[in-house]
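# An overview of the molecular structure
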Amino acid sequence: MYKVLLVDDERIILDGISSIVDWASAGTMLAGTARNGAEAFERIGELAPDIVITDVKMPVMDGLQLVEKASGIYPHIRFIVLSGFGEFEYASRAMQYGVKHYLLKPTNEHKIAGALAELIAELGQEERRETFLQQMKTEMDAVMPHVKEQFLKEFVTNKTFGIRDWERYRQLFKLDYDYRVRLILFQLQPPFEFEHLFAIRNIAGDVLAQPLLSTTIGDHVLLVIREEGQRDGEGVGEGEGLQHKLGRIRDIFQDYYKLKTTVALSEPDHITNARGLYRETLSCLNYGFYVEEGSLITRKDTLLPSRDDSFAFDEERLCMAVRSGHLEEAEAGLAEFIGGLKEAQLDIGVAKSYVLQQFVALIRLCEPGRMGDYYQRIPALVELTSLHAIQAFLEEAAKEIARWNYEQNVNKHSAIVRKVIAIVEEQLGNPELSLNWVAQEMLYMNADYLGKLFKKETGEKFSAFVTQSRIKQAMADIAAEPDVKIFELAERLGFGDNPQYFSQIFKKYAGCTPSEYIKSLG
């Protein structure tokens, strides 16, 4: 069973969580508790827990300080961070130290058990992965490909490796000193398994007819190919030919494993400058944050003349559209936001801080009962590795919130318009009846806004609606009282002492004068 350490400065919370969680059913045991970060750090040394559940705000040493300090010494420990509702900014900081589980207070035993289950699954998977890696290392130590891998990894990352080391290994691997090469760096779309790195190497080896050297560095796959071409005379490094082959590698890998891979391709240079070419490909992958996953990136792609470290951030541009419920305007606002980030080419951490700020601004506009759900999405947002994925994430949230606001606005607007129509029906004989009068004297609203709202929902201007309503009522009155006088009708329906004007308006809408209409009924 995995050991858990529980940390909180509030005794009631400490005792409550200790008692309500069924630790054994979760595959764990509560090894101990602590009242602050400093005490917890000492207990970690004593108890060697696998999982630490900690509050954020505590005296002496807070939860994030504990995570930072403990992670550096005990990297195997997994953390669950508890925090109050208004402390969303801690989520981003916690993610920097590898924390994937961030629970908002007040929490319950089900949420804690769920987080424990996920961590235990991760720990079990990691143990299996470590076992697998150790077995692979033991087997590969005995073969030459592993030696090549290690050499390439050291040659591009270790500054102490120089020309003498290259000469020694060149003879060992039977490589031509005058090779001009390109470096290709593959980065897989997370989440992926270690076996996927070997898969992409194997696919690339087949498509490129076996590169000179290849290795895995962290979560990347690195290949070295000859710029001049293979023994069969095919130009591997020839512009479009190479890019076409890299496209095939990406397509084959995605078809089999349903994962995208971003590819960085260096400029050609002598193999002795492989370290510089490797830094070039890393720079390309860093730029990959601003393009869609699965792209091919070269140094030319990163040299954008419009690059600008300043970024004019206006969170209200998107929020106004979402607040009003206009989906098209919301999409346009989001596109402007993402486009601005892409053009500015900010440091990824800075760019993500703007993204978090915009997301939190959107959350404030959502249905009150769903605010907690949106806050719990923050860790997933922080982990996204491309601006394209972030745009899709924000677009989903923006559409959900905009639709809710639209429904609220429609209900509210419909009620207002119904009230306007009722006022018109009651005040047909009032010569003061006008949009300004209804807005200011009856509803206490902005007349311009009320007019636009009325036309949007009824399809008619307010003045035209009033006139039509009066003429319809005049026709009904004539039918009920065939001997009614024209001047009486005019006065009764708000035209005052101007029966001539009433007759003109009547003819315009009815196609005949009131007198003619009376005769037609006789």
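Everything numeric in this text was worked out from a predicted model, so none of it was measured.

## Examining the overall build of the protein
- Looking only at helices and strands, the protein has 23 helices and 11 strands in total.
- Its C-alpha atoms give the protein a radius of gyration of 36 Å, more than 25% over the compact-globule value 24 Å for 522 residues.
- For the protein, with 522 residues in total, the buried portion stands at 44%.
- Averaging the locations of the 59 positively and 78 negatively charged side chains of the protein gives two centres separated by 3 Å.

## Concerning the sheet that holds strand β5 (residues 101–104)
- Judged by pairing direction, the sheet is parallel, and its five strands sit side by side in the order β2-β1-β3-β4-β5 without closing on themselves. Each of the sheet's edge strands pairs with one partner strand only, and the pair in question is β2 (28–34) and β5. On average, adjacent strands in this sheet sit at an angle of 20° to one another, irrespective of strand direction.
- Looking at chain direction, strand β1 (residues 2–7) and β2 are connected through six bridges and run parallel.

## Details of the nonpolar core
- Leu66, Val322 and Phe359 are the most contacted members of the largest nonpolar core, which has 62 residues in total.
- One finds Val156, Trp166, Leu183 and Val224 within the second-largest nonpolar core, a separate group that totals 26 residues.

## Brief notes about the pairing of β1
- Burial analysis of β1 places five of its six residues in the buried class, the great majority of the element.
- One crossover worth recording links β1 to the parallel β2 by way of helix α1 (residues 11–20), and it is right-handed.
- The sheet contact formed by β1 and strand β3 (residues 51–55) spans four bridges and is parallel. Among the inter-strand pairings, Val7 is bridged to a residue of β3, identified as Thr54.

Reading guide: rules and limits
Residues numbered from 1 in each chain as written. Predicted model: local features only at pLDDT ≥ 70, side-chain atom pairs only at ≥ 80, totals over all residues. Heavy atoms only, no water. Helix = DSSP H or I, 4+ residues; strand = E, 2+ residues; numbered from the N terminus. Rg over C-alpha atoms; globule rule 2.2 N^0.38 Å. Buried < 20%, exposed > 50% of the residue type's maximum accessible area, 1.4 Å probe, protein only. Lys, Arg positive; Asp, Glu negative; His and termini not counted. Charge placed at Lys NZ, Arg CZ, Asp CG, Glu CD. Pairing = 2+ DSSP bridges. Axes fitted to C-alpha atoms, helices over the stretch in contact; angles between N-to-C directions. Core = buried A, V, L, I, M, F, W, Y, C linked by side-chain atoms within 4.5 Å. Right-handed = clockwise from strand over helix to strand, strands pointing away.

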